[in-house]
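# An overview of the molecular structure
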Amino acid sequence: MSKPLRRHLLAGLAALPLAPVRAQVSDFPDRPLRFIVGFPPGGPNDLLTRVIAPGIGERLGRTVVVENKAGANGEIAANFTAKSPPDGSVFMLASNGSTTVAPALNRNMPYDVRTDFVAVAPVGINPMLLVVRPDLPAKDIAGLLSLARARPGKLNGASAGAGGATHLALELFKAMGRLDIVHVPYKGGGPAMADLMAGQVDLYFGGLSTALPHAKAGKMRALGQTALERSAAAPDIPTISESGLPGYEAAISYGVFLPAGTPKALVDRLHAAVDATVRSPDVAKRFVELGADPQFGTPAEFAAYVADDLAKWARLAKEAGLKAE
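Below: a short report on this structure. The shown structure was predicted, so the numbers you read here are calculated from the model rather than taken from an experiment.

Inspection of the secondary structure assignment puts His271 in helix H8 (residues 264-279). If sequence neighbours within four positions are ignored, His271 has contacts with Val120, Ala121, Gly297, Thr298 and Pro299.

With that settled, consider the sheet that holds strand S4 (residues 117-126). Read from one edge to the other, the open sheet built from 6 strands follows the order S2-S1-S3-S10-S4-S11, with strand pairing classed as mixed. The two strands at the open ends of the sheet, each matched to only one other strand, are strand S2 (64-68) and strand S11 (293-294). By the bridge criterion, 2 bridges tie S4 to S11 in an arrangement that is antiparallel. Bridge assignment links Gly124 to a residue of S11, and that residue is Pro294. Strands in contact with helix H3 (residues 96-105) are strand S3 (90-95) and strand S10 (252-259); relative to S3, the strand with the most contacts, it is inclined by about 65°.

Considering the arrangement of structural elements, one finds Arg221 in strand S9 (residues 221-225). The buried category is assigned to Arg221, whose relative accessible area is 17%. In sequence terms Arg221 and Phe173 are 48 residues apart; their C-alpha atoms lie 17 Å from each other. A polar contact is formed between the side chain of Arg221 and the backbone oxygen of Leu136, at a distance of 2.9 Å. Among the polar contacts listed, one links the side chain of Arg221 to the backbone oxygen of Ala138, at a separation of 2.8 Å.

With that out of the way, let us pick up the nonpolar core. Leu144, Phe173, Phe205 and Tyr248 are the most contacted members of the largest nonpolar core, which has 54 residues in total. When residues in this core are grouped by element, the largest group, 8 residues, is from helix H10 (residues 299-320). Look past the residues within four positions of Tyr248 in its chain and what remains in contact with it is Ala169, Leu172, Phe173, Met176, Phe205, Thr226, Ala227, Leu228, Ile240 and Ser241.

Parameters at a glance
- Residues numbered from 1 in each chain as written.
- Predicted model: local features only at pLDDT ≥ 70, side-chain atom pairs only at ≥ 80, totals over all residues.
- Heavy atoms only, no water.
- Helix = DSSP H or I, 4+ residues; strand = E, 2+ residues; numbered from the N terminus.
- Contact = heavy atoms within 4.5 Å.
- Pairing = 2+ DSSP bridges.
- Axes fitted to C-alpha atoms, helices over the stretch in contact; angles between N-to-C directions.
- Buried < 20%, exposed > 50% of the residue type's maximum accessible area, 1.4 Å probe, protein only.
- Polar contact = N/O pair within 3.5 Å; in protein donor to acceptor, adjacent residues only side chain to side chain.
- Core = buried A, V, L, I, M, F, W, Y, C linked by side-chain atoms within 4.5 Å.

Here it is as structure tokens:
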């Protein structure tokens with residue numbers, strides 16, 4: 001399982017950055033820096049990017065311009081960043097959806113997270129909630145595991161689409177629990193949750209910020225969250241890991257990356273700027289409001305986390321026979 005990035009600085013990892021760095025240039029170009037995000041304005045990737053961009057620019061002494069390059073679940077932005085000059089002028093915020101999940105499902109990606117990027121800093125983690133229809137006779141994770149084992153092939157789990165984060169969270173739950181649950185893909189999280197509330201499907205892994213209001217309103221029941229630590233936004237809901245499946249983790253993580261070959265001095269400066277920005281109280285508060293918990297770690301620690309996350313999803317994809325759709 002992937003080693004978690006905690007809410008405090010990790011220590012003791014000996015991993016190297018994902019890609020080699022040079023050591024000549026020590027300052028960023030004297031022009032606006034391009035902060036790339038792979039999704040349209042208004043989504044979680046974009047919102048987190050815009051929350052931290054001003055602080056990064058202030059600490060670097062440069063104007064930082066957020067640039068949306070949407071499409072292909074963030075892969076267009078990642079490919080653009082990988083092929084940008086390694087001079088610090090272009091960096092990106094990306095979720096593990098485009099950096100580790102997609103490459104685990106598709107070996108024909110136009111970039112390789114292990115060689116085409118330098119991992120700079122973790123930013124945040126957004127857990128999902130395992131929610132069930134209100135009348136399902138399972139009050140907690142242990143109850144759901146017992147119910148699913150007693151009814152193999154009878155329960156169905158919705159996803160927002162085959163191969164996406166909600167689908168992989170379900171597949172990991174099935175694999176670790178040795179469960180036979182039928183996957184029902186939908187075209188988006190909205191329709192999936194609508195059918196869950198209507199009792200048409202039994203369970204769903206939804207984004208915390210979107211599923212939690214419905215759970216609080218009694219329209220669905222939240223049994224557990226998918227990160228290894230409870231989110232500050234939902235401290236009363238236990239994690240799946242602590243409730244019956246130790247080590248279960250399927251959260252959406254976010255971090256900052258530079259193109260491979262970027263000088264180490266620039267990597268270190270950008271890391272310091274990102275880290276200090278995420279640690280600031282106003283940014284941390286805004287993150288929690290968006291359903292994401294701030295994360296911290298050195299470039300080496302973040303690189304180790306990314307490599308471990310890639311290995312985890314690749315292993316699951318192989319075992320479950322999953323491929324990109």
